[in-house]
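Below are the chains, spelled out letter by letter.
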Amino acid sequence: MTSGNSTGTKRANHWRRIWSEKSPNHTSWYQKIPETSLGLIKNSGLTYEDSIIDVGGGGSVLVDCLLEKGYQNVSVLDIAPEALEYTYARLGQKADRVSWIVADIISWKPDKQYSLWHDRAVFHFLTNPNEQKAYGDTLRSALVYDGQAIVATFALDGPTKCSGLTVQRHDSSTLINALGGGFMVLETGVEHHVTPKKVVQQFTWCRLGAT
């Protein structure tokens, strides 16, 4: 893999700066209710005991919704500890029911396997094929035998940049290829996300099954 520690440090510093400057409800990706995520998670057929990891979920309210619905085995990973601190504080005593992971997804080595991997808008920041492959390798190693992944990226007609960074846009076919294979598309669709500044962003959503 060509990206080394310096690249990972630069990536972490970028997102730590973003989260030190913005609160979650002022970010372009803010959602009051993550309806698409919740719908796809429901469609996955998980039990409330199955393990879920939300990758890049630092400031998201998805974890709040999952706990409220009764899911008992939830982990949240983010590269910026500041992002996780927002959510930890928001959850109060319920925060102790969640596993919190500070890590760069490119270099992270999972110490357990998950029934479901959820990623809304992390993968599209990986424009280097070697980093995309590293992500795919980590994803495959992190899933149980019959696990599923829900991945959302900017769609082919979506924005070309976010938070000052260039992104790679995807449809379901390019997403599977970038991950390096090993998945089949179980469900896909497009979401028109409206940012807090009322800008519409097109997202591709895919629910994938490990093959």
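The rules behind each value
- Residues numbered from 1 in each chain as written.
- Predicted model: local features only at pLDDT ≥ 70, side-chain atom pairs only at ≥ 80, totals over all residues.
- Heavy atoms only, no water.
- Helix = DSSP H or I, 4+ residues; strand = E, 2+ residues; numbered from the N terminus.
- Buried < 20%, exposed > 50% of the residue type's maximum accessible area, 1.4 Å probe, protein only.
- Contact = heavy atoms within 4.5 Å.
- Areas by Shrake-Rupley, 256 points an atom, 1.4 Å probe, with all protein chains shown as cover.
- Lys, Arg positive; Asp, Glu negative; His and termini not counted.
- Charge placed at Lys NZ, Arg CZ, Asp CG, Glu CD.
- Core = buried A, V, L, I, M, F, W, Y, C linked by side-chain atoms within 4.5 Å.
- Pairing = 2+ DSSP bridges.
- Axes fitted to C-alpha atoms, helices over the stretch in contact; angles between N-to-C directions.
- Right-handed = clockwise from strand over helix to strand, strands pointing away.
- Salt bridge = Lys/Arg side-chain N within 4 Å of Asp/Glu carboxyl O.

Caption draft 1: Region of interest: the overall build of the protein chain. Scanning the protein chain from N- to C-terminus turns up six helices and nine strands. Along the three orthogonal principal directions, the C-alpha set of the protein chain runs to about 40 × 40 × 35 Å. The buried share among the 211 residues of the protein chain stands at 52%. Within the protein chain, counting contacts between residues at least 6 apart in sequence, those at least 24 apart form 68% of the total. Counting only carbon and sulfur atoms, one obtains 50% of the accessible surface of the protein chain, whose full area is about 10,100 Å². The protein chain carries 21 positive and 21 negative side-chain charges, and their two centres are separated by 5 Å.

Caption draft 2: A look at the nonpolar core. Core analysis: the largest hydrophobic core is formed by 34 residues, its most contacted members being Ile41, Val63, Leu66 and Tyr71. When residues of this core are traced back to their parent elements, those giving at least two are helix H1 (5–21), helix H2 (35–43), helix H3 (62–69), strand E2 (73–78), helix H4 (81–91), strand E5 (143–154) and strand E9 (200–210). For this core, the element with the most residues is H3, which contributes five residues. If we skip the residues at most four places from it in the chain, valine 63 touches Val74, Val76, Thr87, Arg90, Leu91 and Val98. Ranked by size, the runner-up nonpolar core spans 27 residues in total, among them Val55, Ala134, Leu143 and Val151.

Caption draft 3: The sheet that holds E5, seen in detail. The sheet built from seven strands is open, its strands ordered E3-E2-E1-E4-E5-E9-E8 with mixed pairing. Each edge of the open sheet carries a strand with a single partner, namely strand E3 (98–102) and strand E8 (183–194). On average, each strand axis in the sheet is tilted by 15° relative to the strand beside it, whichever way the strands run. As paired strands, strand E4 (residues 114–120) and E5 are joined by six bridges and run parallel to one another. Bridging across to E5, aspartate 119 finds its partner in valine 151. Along the sheet, H3 contacts strand E1 (51–55), E2, E3 and E4; its crossing angle with E2, the most-contacted strand, is approximately 175°. Strand contacts of helix H5 (residues 129–142): E4, E5 and E8, with the helix running at about 140° to E5, the strand carrying the most contacts.

Caption draft 4: Inspection of the pairing of E4 at higher detail. Across the seven residues that make up E4, a large majority, seven, are buried. Between the parallel pair E4 and E5, the chain is carried across by H5, and the sense of this crossover is right-handed.

Caption draft 5: How the structure looks around the pattern of salt bridges. Counted by the stated rule, this structure contains eight salt bridges. Close ionic contact of glutamate 131 with arginine 11 constitutes a salt bridge, the shortest N to O distance being 3.0 Å. Taken together, the residues span a long stretch of sequence, with glutamate 131 in helix H5 and arginine 11 in helix H1 at a distance of 120 residues. Glutamate 131 sits in the buried class, given a relative accessible area of 6%. Classification of arginine 11 by relative accessible area gives buried; the value is 18%. A salt bridge links arginine 16 to glutamate 82; the shortest N-O distance between them is 2.7 Å. With arginine 16 in helix H1 and glutamate 82 in helix H4, this residue pair connects regions lying 66 residues apart in the sequence. Each of Arg11, Asp104 and Glu131 takes part in one network of salt bridges that share partners.

Caption draft 6: Seen up close, the pairing of E9. Where burial is concerned, most of E9 is hidden: nine out of the eleven residues are buried. As defined by bridge partners, E5 adjoins E9 across seven bridges and the pair is classed as antiparallel. Among the inter-strand pairings, glutamine 148 is bridged to a residue of E9, identified as glycine 209. Across eleven bridges, the pairing between E8 and E9 is antiparallel. Note that in E9 the partner of glutamate 187 across the bridge is arginine 207. Following E8, the chain reverses through five residues before pairing antiparallel with E9; lysine 198 in that reversal takes a positive phi of roughly 65°.

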